[in-house]
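Structural features, examined
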Amino acid sequence: TEGFLQRNCTQEEYWSEPFPPYTIACGFDEGSSKGPEDQKSYYSAFWRVYTAGYAASVTSLITALIVFAAFRKFHCTRNYIHMHLFVSFILRAVAVFTKDAVLFADETMDHCLMSTVACKAAVAFFQFSILANFFWLLIEGIYLQTLLLLTFVSNKKFVWWFMFTGWGAPTAVMFAWVLTRIHQQNTGCWDDDENGVVLWIIKGPILLTVLINFIIFINVIRILVHKLKSQEGGGSHSSHFVRLAKSTLLLIPLFGVHYIVFAFFPESTGLEARLYIELGLGSFQGFVVALLYCFSNAEVQTELKKQLCKWQYQEYLTFTHKHGALSRETSPVNYVTQLSLLDRISPKRRTSVLQDGVTTV
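The structure presented is a predicted model; accordingly, all values stated were derived computationally and were not measured. (Residues numbered from 1 in each chain as written. Predicted model: local features only at pLDDT ≥ 70, side-chain atom pairs only at ≥ 80, totals over all residues. Heavy atoms only, no water.)

1. Overview of the packing of aromatic side chains
What the rule picks out here adds up to 10 aromatic pairs. Ring centres of Y54 and F97 lie 6.3 Å apart, and the angle between their planes is 85 degrees; this geometry places the pair in the edge-to-face category. Residue Y54 is found in helix α2 (residues 36-70), and its partner F97 is found in helix α3 (residues 77-104); the two are separated by 43 residues along the sequence. According to the relative accessible area criterion, Y54 is buried, its value standing at 4%. A relative accessible area of 31% means that F97 is categorised as partly exposed. Put simply, the rings of F68, F71, F74 and F86 touch in pairs and so form one group of aromatic residues. (Phe/Tyr/Trp six-rings, centres within 6.5 Å; stacked < 30°, edge-to-face > 60°. Helix = DSSP H or I, 4+ residues; strand = E, 2+ residues; numbered from the N terminus. Buried < 20%, exposed > 50% of the residue type's maximum accessible area, 1.4 Å probe, protein only.)

Next comes the structure, spelled out in structure tokens:
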């Protein structure tokens, strides 16, 4: 396997460390037991997994968006925030598909040597979608904790503040990142290893949102434990534990808590485990969020059942109306009536009636 490395001559007249790292330049992990061909098939299979995950997420999220938008009953602050979170997950999936299509469409081309406007734009869009997704996960966590503590937030003005933070902050960060990339590290497709300031412009806000969301997650669990203990009747400890465990498992994908596992480690640490958690599980996160916020919601299920019954009743009325009109047209009574009417107005009958009148006279 061949790759390209670079070194810079420092002011102290020493050579810098070679960059990019050998693992990136040569396309495989030198510490791995798999050979290049085995790693290629492994990553190809993994690509199929996360592609299927993102496709399932996009389908379910778009369906959930249509449900929330179609029914006026669901137009409230809580669901507006859910809808923006859905959009951020959709953008993340679309960005992954776009990045793969632009960078890896031609297998004969070494994408490490690419440096086109299209590939840079694809990577920038990918970074923006990641940032927006993490910020909207943070907003969901803040809003949930606010509901548990204050039980208000019905005013729509909070939605505008949330929208400004959820989309404005990632836009500002991306603007700073793109400018820094252009002036300090305008190499490749902007998907290589970043150094110093360039790295932390993106990684810093993401780590901050993950850390704050993890703290909120712990606090929400603490509030749930307190509420379960203060319930009347007490109940068994096992039932309380089961309910707490269910709530915890449901909150993990909603808060993105699984990202805390590798959040503060270097990118090269536990690469395969990182791929499983961040790409394998992360690709299905949008599907799980749509399932929990929309399809498993009792209020949504009730409204969908009402609408389904309404459609069935309308179809039944339409069918009975058409069937009734058709049966009246083809009934024997109606047929005899039509014959009698035709017989009355027929010319032959009029002639016979006139003849009978003359004979009588």
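2. Re the confidence of the model for the chain
Across the chain, pLDDT averages 75, with 63% of residues at or above 70. Taken element by element, the chain is modelled with least confidence in helix α12 (residues 347-360), mean pLDDT 45, and with most confidence in α3, mean pLDDT 90. Below pLDDT 50 for its whole length, residues 333-339 participates in 2 contacts with residues either more than four positions away or in separate chains. (pLDDT = per-residue confidence, 0-100. Contact = heavy atoms within 4.5 Å.)

3. Some thoughts on the pattern of salt bridges
Under the definition given, this model contains 2 salt bridges. For E303, the salt bridge identified is with K73, shortest N-O distance 3.5 Å. Taken together, the positions of E303 in helix α10 (residues 298-330) and K73 in the loop between α2 and α3 put the pair 230 residues apart, joining distant regions of the chain. With a closest N to O distance of 3.9 Å, R78 and E299 form a salt bridge. Of this pair, R78 sits in helix α3 while E299 is found in helix α10, placing the two residues 221 residues apart along the sequence. Judged by relative accessible area, which is 28%, R78 ranks as partly exposed. Since its relative accessible area comes to 31%, E299 is described here as partly exposed. (Salt bridge = Lys/Arg side-chain N within 4 Å of Asp/Glu carboxyl O.)

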